[in-house]
Amino acid sequence: VLIAIDGPAGAGKSTVARALAQRLGLAYLDSGAMYRCVGLLALERPTSAPSALAQAVRIELTADGAPSDRQAVLLDGRDVSQEIRSPAVSEAASRVAGDPAVREALIAKQRALLSSGDWVAEGRDIATVVAPDADLKIHLSADAAERARRRAAELGADPATVRAEQALRDERDSGFGRSPLQAAQGAVELDTSGLSVEQVVERIAQLVPVGRRPP
Ligand code: DC
């Protein structure tokens, strides 16, 4: 089974996708972590073309540990799980994600991963571009204030500042089949404002086609 979850920053994608994968016993693909890896590399090697870095890089997303753990992200064998969450890398990731050749390279890696096994895959273009034939497509949203509040809590930053940056980021993270604020065709729209992670996970689990439900 393949469940695709897209949506803007702060809609709860990562938390929900991780919890859903755990609940259903599926692997979890954090596609944003892959863009973050290329963003980090681009910062470290400013003279290299980001597309060449994206093609050459080996990205491993290790199996989940305890429910509260993030998946470990290995970039050419180096654990960059923490480093890729910094504001500088977020910025660089958003920049390299606007390069069509970077996207092509990472989409190929994502499709290779998803070609075998059972997955919850999360990102911006999973339902539209990476896996349009996913068994279940979900678009998570939340109102702008709530998204900013969640993101600020995650980063330990000021909500008002985060909200101002968020609007710019949504704009910048559009295009190439990415629709941060709009559901893809055939995707179920789920507004997570005011819902707990458990409630969102429960709703999505109910939407998995019966014949495709893991045992
Ligand atoms: O979801 P995130 O914040 O970890 O994503 C990091 C960046 O990568 C963000 O700017 C959006 C971009 N991204 C993308 O363009 N396509 C994806 N499938 C996932 C993330």
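Scroll up for the structure.
What you see is a predicted model; the values in this text were computed from it and never measured. (Residues numbered from 1 in each chain as written. Predicted model: local features only at pLDDT ≥ 70, side-chain atom pairs only at ≥ 80, totals over all residues. Heavy atoms only, no water.)

Asks: Is there a simple way to explain the site of the ligand in this structure?
Replies: Around the ligand, a shell composed of 15 residues is seen, among which R36, R103, R124, D125 and R178 lie nearest. Between the ligand and D125 there is a distance of 2.9 Å, counted from a nitrogen atom to a side-chain nitrogen or oxygen. Note that an oxygen atom of the ligand is positioned 3.0 Å from one of the side-chain N or O atoms of D173. In the complex, 95% of the free accessible area of the ligand, which totals 440 Å², lies under the protein chains. The greatest single-element share of the shell around the ligand, amounting to 4 residues, is contributed by helix α2 (residues 31–44). For the shell around the ligand, the per-class residue count stands at 3 nonpolar, 4 polar and 8 charged. (Near = heavy atom within 4 Å. Polar contact = N/O pair within 3.5 Å; in protein donor to acceptor, adjacent residues only side chain to side chain. Areas by Shrake-Rupley, 256 points an atom, 1.4 Å probe, with all protein chains shown as cover. Helix = DSSP H or I, 4+ residues; strand = E, 2+ residues; numbered from the N terminus. Nonpolar A, V, L, I, M, F, W, Y, C, P; charged D, E, K, R; others polar.)

Asks: Could you clarify how one ought to interpret empty space enclosed by the protein in this entry?
Replies: The rolling of a water-molecule-sized probe over the atoms marks out the regions of remaining empty space. On inspection of all chains with the given rule, the structure shows 1 cavity of 30 Å³ or more. Empty space within the largest cavity amounts to approximately 40 Å³. Lining of the largest cavity is provided by D6, R124, A127, T128, I138, H139, S179, Q182, A183, A184 and A187. For the lining of the largest cavity, the secondary-structure elements that each account for two or more residues are α6 (126–130) and β7 (136–141). Residues that form the lining of the largest cavity fall into these classes: 5 nonpolar, 4 polar and 2 charged. (1 Å grid on protein atoms, 1.4 Å probe; cavity = no way out; pocket = protein on both sides within 12 Å on 5 of 7 lines; lining within 4 Å. Points joined across faces, edges and corners; volume = space filled by probe spheres on them.)

Asks: Any chance you could explain the nonpolar core here in plain terms?
Replies: As a rule of thumb, soluble globular proteins bury nonpolar side chains together. Core analysis: the largest hydrophobic core is formed by 36 residues, its most contacted members being I84, L106 and L114. By residue number, the principal contributor to this core is α2, which donates 8 residues. Not counting residues up to four positions away in its chain, the partners in contact with L106 are M34, Y35, V38, A54 and I59. Residues I3, L136, V200 and A205 belong to the second largest nonpolar core, which totals 21 residues. (Core = buried A, V, L, I, M, F, W, Y, C linked by side-chain atoms within 4.5 Å. Buried < 20%, exposed > 50% of the residue type's maximum accessible area, 1.4 Å probe, protein only. Contact = heavy atoms within 4.5 Å.)

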